[in-house]
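So you can see what is in the structure, the chains are spelled out below.
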Amino acid sequence: MDIFTLDIRTLNFIVILFSVIYCIGLLLFQVAQKPIKGLSLFSLSIFIIGTGPLLLSLRGVIPDYLSIIGANLFIAAGFHLTLYSLSLFRGYSVKLTKFSSLMLLVVFVGFVFFTYFEPSIKNRVVVISLYMAFVTISTAVVVIKGRNEDLPLATRMMALSFMAYGLFMLLRVVLSLSGAEIKNFMAANLIHQLTFLFSIILIVSMSFSMIWMINARLLRSIHCLSYQDPLTELQNRRALDDAIPLFQQQAQSAPVCMILSDIDNFKSINDQCGHLVGDDVIKVVAKVTLQSLYDSAVAFRLGGDEILILLPNCNLEQAKQFTDELRQSIVKLTIDEQPSLHVTSSFGIAQLSPTENWKACVERADKALYRVKHNGRNTLAIER
Ligand SMILES: Nc1nc2c(ncn2[C@@H]2O[C@H](COP(=O)(O)OP(=O)(O)OP(=O)(O)O)[C@@H](O)[C@H]2O)c(=O)[nH]1
């Protein structure tokens, strides 16, 4: 049986060590980049969790109210703060955190009672384990249900770690209640030894998942920056190159249409009203274009005042109707800085073929657009 014995003092020391290392690491991680909501509190919570075992290890050296009540309250408060910080980080309501605050009060009363009035290590273990089960299972719920878009694999890993720890705590409650009174906590049996081991695993796992999620958020923002046009927030030319094969694949089963739009006489808008007003015109035209799109349709800014729209599941007749509605929306636009300015756009439409080079489709749409420009602008044409 000896091989299953874990030394609580050593494990206790590792909990302290890891909590300090991860707290400092995550705080430095936060310093090096844009503030991330909840991350500083999360780092601090790991440190507070580690303070508990530190006080625990000073039993006999410092007063009982610190080494027993203080130690356990630090651990509980640390996990409470983890719940709160992850509610902020994942964008979840703080109602579970509020309930957890009330439970902390119960833990405090329980510890005072089972330390001074009816001393019992076993009952103290039951009180803290019940709270730990509640707070870690709540944290798992917060991590899974949070509104913020985070990497699903990392959120599941974090939630699973908290859930497994919470279930283990429930098992500890059951085994403690059915077991004998504990004489010396530092020499308690396997379930209590495993508590320290699982605490180490939880600290490592939650810190790792946190870094993983932050990294995924950074990657997503880099992806957005490189695929989005900063002026209009439409997708850019690089995004178009990536999206085309998908649309060509869709064109095998249902028609896909391409629209090329260009603001009319944009050069003279720039010349007469200035480039900043010109920018505003591009922005509002892009905005109304975005608003006109249905779910699977996408708009790309090719450069200057030119926008390319891809309409899946749409034949030439439907594309014509869509384009005319968009054209009318643009006619109705007003520019704040220049209320007297009338903006119009011209459009060329072509159908994407799954077999030909997509640039041939752009050329046909461009040819149609050229005809519209030649014939007076503010209308549309189709090139078959
Ligand atoms: N304000 C602003 N102007 C831009 C931007 N990019 C390109 N332009 C200008 O957009 C103008 C493009 O004009 P064109 O589309 O070629 O010609 P146009 O005057 O619109 O004439 P038509 O297209 O024939 O109606 C040029 O004067 C460019 O300098 C931009 O980001 N902001």
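Criteria and thresholds
- Residues numbered from 1 in each chain as written.
- Predicted model: local features only at pLDDT ≥ 70, side-chain atom pairs only at ≥ 80, totals over all residues.
- Heavy atoms only, no water.
- UniProt positions renumbered as here; feature names shortened; annotations may be inferred.
- Near = heavy atom within 4 Å.
- Polar contact = N/O pair within 3.5 Å; in protein donor to acceptor, adjacent residues only side chain to side chain.
- Areas by Shrake-Rupley, 256 points an atom, 1.4 Å probe, with all protein chains shown as cover.
- Helix = DSSP H or I, 4+ residues; strand = E, 2+ residues; numbered from the N terminus.
- Nonpolar A, V, L, I, M, F, W, Y, C, P; charged D, E, K, R; others polar.
- Axes fitted to C-alpha atoms, helices over the stretch in contact; angles between N-to-C directions.
- Left-handed = near helix turned anticlockwise from the far one by under 90°.
- Contact = heavy atoms within 4.5 Å.
- Pairing = 2+ DSSP bridges.
- Parallel < 35°, antiparallel > 145°, perpendicular 65-115°, else oblique.

With an unreviewed UniProt entry as reference, the chain is termed diguanylate cyclase, source organism Motilimonas cestriensis. Quoted straight from UniProt, the Catalytic activity (unreviewed entry) entry for the chain says "2 GTP = 3',3'-c-di-GMP + 2 diphosphate".

Novice: Mind showing me how you'd approach the site of the ligand here?
Specialist: Taken together, 16 residues surround the ligand, and among them Asn265, Phe266, Lys267, Asn270 and Asp279 come closest. For the ligand, an oxygen atom lies 2.7 Å from a polar atom in the backbone of phenylalanine 266. Within the side chain of aspartate 305, an N or O atom sits 3.2 Å from an oxygen atom of the ligand. If the ligand stood free it would expose 660 Å²; the protein chains cover 65% of that surface. Elements that contribute at least two residues to the shell around the ligand include exactly β1 (256–263), α9 (266–273) and α10 (275–292). Of the residues assigned to the shell around the ligand, the class counts are 3 nonpolar, 5 polar and 8 charged.

Novice: Help me understand the packing of α10 against helix α11 (residues 316–331) in this model?
Specialist: A pair of packed helices can be characterised by two numbers: the angle between their axes and the separation between those axes. Following both chains from N to C, one finds α10 and α11 inclined at 140°, their axes separated by 10 Å at the closest point. Crossing geometry of α10 relative to α11 is assigned as right-handed. Across the interface between the two elements, Val285, Val288, Thr289 and Ser292 of α10 pack against Phe322, Leu326, Ser329 and Ile330 of α11.

Novice: Would you take a moment to explain the sheet that holds strand β3 (residues 306–311) for this structure?
Specialist: Picture the strands of a sheet paired through backbone hydrogen bonds; they go either parallel or antiparallel. Pairing within the open sheet is mixed, and its 5 strands lie in the order β2-β3-β1-β4-β5. At either end of the open sheet lies a strand with only one pairing partner, and these are β2 (298–303) and β5 (380–382). When the angles between neighbouring strand axes are averaged without regard to direction, this sheet yields 20°. Sheet topology note: the β2/β3 ladder contains 5 bridges and is antiparallel. Among the inter-strand pairings, alanine 299 is bridged to a residue of β3, identified as isoleucine 309. Lying over the sheet, α10 contacts β1, β2, β3 and β4 (345–352), oriented at roughly 5° with respect to β3. Seen against the sheet, helix α12 (residues 358–374) touches β1, β3, β4 and β5 and runs at an angle of roughly 145° to β4.

Novice: Can you help me understand the packing of helix α2 (residues 39–56) against helix α7 (residues 190–227) in this one?
Specialist: In the contact formed by α2 and α7, the axes pass within 12 Å of each other and the chain directions differ by 165°. In terms of orientation, α2 lies roughly antiparallel with respect to α7. Remark: the crossing between α2 and α7 carries left-handed chirality. Across from Leu39, Phe42, Ile46, Ile49 and Leu56 in α2, the residues of α7 making contact are Phe196, Ile203, Met206, Ser207, Met210 and Ile214.

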